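Topology and contacts: notes
Residues per chain, in single letters:
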Amino acid sequence: MTAASAFSAPVGDLSGWVRAPFTAAGMTYDCFEKGSGPGVVLIPEIPGITPEVLGLAEHLVVAGFTVVVPSPFGQPGKAKSVGYMTRIVLRLCVAAEFRAFATNSSRLITDYFRAVASDLAARTPGRGVGVIGQCFTGGFALAAAIDDSVAASVLSQPAVPFPVGRARQLDAGVSPDEFDRIAARADAGEVCALGLRFSEDSAAPRARFDTIKARLGDAFEIIQLDSSPGNSDGYAATAHSVLTGEVRENPANSAAVARDRVVTFLRERIG
């Protein structure tokens, strides 16, 4: 992992990552794996496995985890740009397996991520695995928690369903049956979740976290970073990517501290 400068996010590349196709739920995507120790499934944000996503993945590897990064969209290793992101968003908005606008919905792609998590749990040490989702995939990390293999879910700026209207803002991003199963597992102490967002981020509304908190209670920890005008870290009001694009390491800002909390949370939950 490298940092381009003190003023940019940590980045990584595909060096040392083992790439292999994985098939489940009628879908086949490449998955990238590296590291040793308890397993973590890191689902990329839009537009895909960018250098910043790889920077987070490398950070987790160094922290002592076996990390698998599925590649359900985008070109692995490609840097993000406005045009690239727009093309991916437009494709995903009409893809039935992602159902970006549907409320109270089960999304087919989550069956795939559950299978990836179950496979990883079967061949790594620890008390189950962790799943991290970000932005478009943030809620998928919660949906994955219906599987017994998942002991920790991290929802970083979850943006699906796209929060157009109050009903979508309140939607947790899972179906009612999924939510019931996750709540039951949380009540039994089998899974905990961690949610991260910036205070001014309308794409990942606070109301969504409040919905999850109301069901999961103490099993759901919320980290909200201050991006209001004049905030001490200098975040813009448009700050969004808590664990990737907004992280600064030298000196460490609150996003870097939040990333450290994610590592600690995973260690607490999965070993």
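Here's what I pulled together on the structure shown here. (Residues numbered from 1 in each chain as written. Predicted model: local features only at pLDDT ≥ 70, side-chain atom pairs only at ≥ 80, totals over all residues. Heavy atoms only, no water.)

Describing helix H1 (residues 51-62)
Taking 1.5 Å as the rise per residue, H1 with 12 residues should run 16 Å; its terminal C-alpha atoms sit 16 Å apart, in good agreement. Judged by how many residues are buried, H1 sits mostly within the fold: 11 of 12 residues are covered. Buried within H1 we find Pro51, Glu52, Val53, Leu54, Gly55, Leu56, Ala57, Glu58, His59, Leu60 and Val61. (Helix = DSSP H or I, 4+ residues; strand = E, 2+ residues; numbered from the N terminus. Expected span 1.5 Å × (residues − 1). Buried < 20%, exposed > 50% of the residue type's maximum accessible area, 1.4 Å probe, protein only.)

Things to note about the pairing of strand E8 (residues 150-156)
Counting buried positions along E8 yields 7 of 7 residues, so the element is predominantly enclosed. In this sheet, E8 lies alongside strand E7 (residues 129-134) in parallel orientation, the contact comprising 6 bridges. Looking at the pairing, valine 131 lines up with serine 153 of E8. Of the strand pairs in this sheet, E8 and strand E9 (residues 192-198) are connected by 5 bridges, and their pairing is parallel. Counted as the bridge partner of leucine 155 is glycine 195 from E9. (Pairing = 2+ DSSP bridges.)

Some words on the environment of arginine 166
Mapped onto the elements of the fold, arginine 166 is located in helix H5 (residues 166-170). Given a relative accessible area of 53%, arginine 166 falls into the exposed group. Along the chain, arginine 166 and proline 205 lie 39 residues apart, while their C-alpha atoms are 9.9 Å from each other.

Focus: the packing of helix H6 (residues 176-187) against helix H7 (residues 206-216)
Packing of H6 against H7 brings their axes to within 9 Å, and their N-to-C directions diverge by 50°. Judged on the interaxial angle alone, H7 and H6 are oblique. Across from Phe179, Asp180, Ile182, Ala183 and Ala186 in H6, the residues of H7 making contact are Thr211, Ile212, Arg215 and Leu216. Looking at the contact of H6 with H7 residue by residue, the classes come out as 6 nonpolar, 1 polar and 2 charged. (Axes fitted to C-alpha atoms, helices over the stretch in contact; angles between N-to-C directions. Parallel < 35°, antiparallel > 145°, perpendicular 65-115°, else oblique. Contact = heavy atoms within 4.5 Å. Nonpolar A, V, L, I, M, F, W, Y, C, P; charged D, E, K, R; others polar.)

A short note on the pattern of salt bridges
Taken as a whole and judged by the stated rule, the model has 14 salt bridges. A salt bridge links glutamate 58 to lysine 34; its shortest N-O distance comes to 2.8 Å. One end of the pair, glutamate 58, is in helix H1; the other, lysine 34, is in strand E4 (residues 27-35), and 24 residues separate them in sequence. In this structure, arginine 185 engages aspartate 148 in a salt bridge whose closest nitrogen and oxygen atoms are separated by 3.8 Å. Taken together, the positions of arginine 185 in helix H6 and aspartate 148 in the loop between helix H4 (138-143) and E8 put the pair 37 residues apart, joining distant regions of the chain. For aspartate 148, a relative accessible area of 56% gives the class exposed. In this structure, a network of salt bridges that share partners links the residues Asp148, Arg181, Arg185 and Glu190. (Salt bridge = Lys/Arg side-chain N within 4 Å of Asp/Glu carboxyl O.)

Details of the packing of aromatic side chains
For the structure on display, the rule yields 13 aromatic pairs. Taking the centre distance of 6.1 Å and the plane angle of 70° together, the rings of phenylalanine 73 and phenylalanine 98 count as edge-to-face. Of this pair, phenylalanine 73 sits in the loop between strand E6 (66-70) and helix H2 (82-93) while phenylalanine 98 sits in the loop between H2 and helix H3 (108-122), placing them 25 residues apart in sequence. Grouping residues by exposure puts phenylalanine 73 and phenylalanine 98 together as buried. Arranged with centres 5.1 Å apart and planes meeting at 80°, the rings of phenylalanine 101 and phenylalanine 162 form a pair that is edge-to-face. Here phenylalanine 101 is found in the loop between H2 and H3, whereas its partner phenylalanine 162 is found in the loop between E8 and H5, with 61 residues between them in sequence. Taken together, Phe22, Tyr29, Phe73, Phe98, Phe101, Tyr112, Phe113, Phe136, Phe140 and Phe162 form an aromatic cluster joined through their ring pairs. Cation over ring: lysine 78 sits above tyrosine 84, and NZ or CZ is 5.1 Å from the ring centre. Directly above the aromatic system of phenylalanine 179 lies the positively charged group of arginine 215, at a separation of 4.9 Å from the ring centroid. (Phe/Tyr/Trp six-rings, centres within 6.5 Å; stacked < 30°, edge-to-face > 60°. Lys NZ or Arg CZ within 6 Å of the ring centre and 35° of its normal.)

Re the sheet that holds E8
Across the sheet, 8 strands lie side by side as E3-E4-E6-E5-E7-E8-E9-E10; this open sheet has mixed pairing. Of all strands in the sheet, those bounded by a partner on one side alone are strand E3 (18-24) and strand E10 (220-225). Each strand axis lies, on average, 20° off the axis of its neighbour in the sheet, ignoring direction.

Brief notes about the nonpolar core
Of all hydrophobic cores here, the largest spans 88 residues; its most connected members are Leu60, Tyr112, Phe136, Leu216 and Leu266. If one sorts the elements of this core by residue count, helix H8 (residues 254-270) sits on top with 8 residues. Setting aside residues up to four positions removed in sequence, tyrosine 112 forms contacts with Phe22, Thr23, Ala24, Ala25, Met27, Tyr29, Cys31 and Pro70. (Core = buried A, V, L, I, M, F, W, Y, C linked by side-chain atoms within 4.5 Å.)

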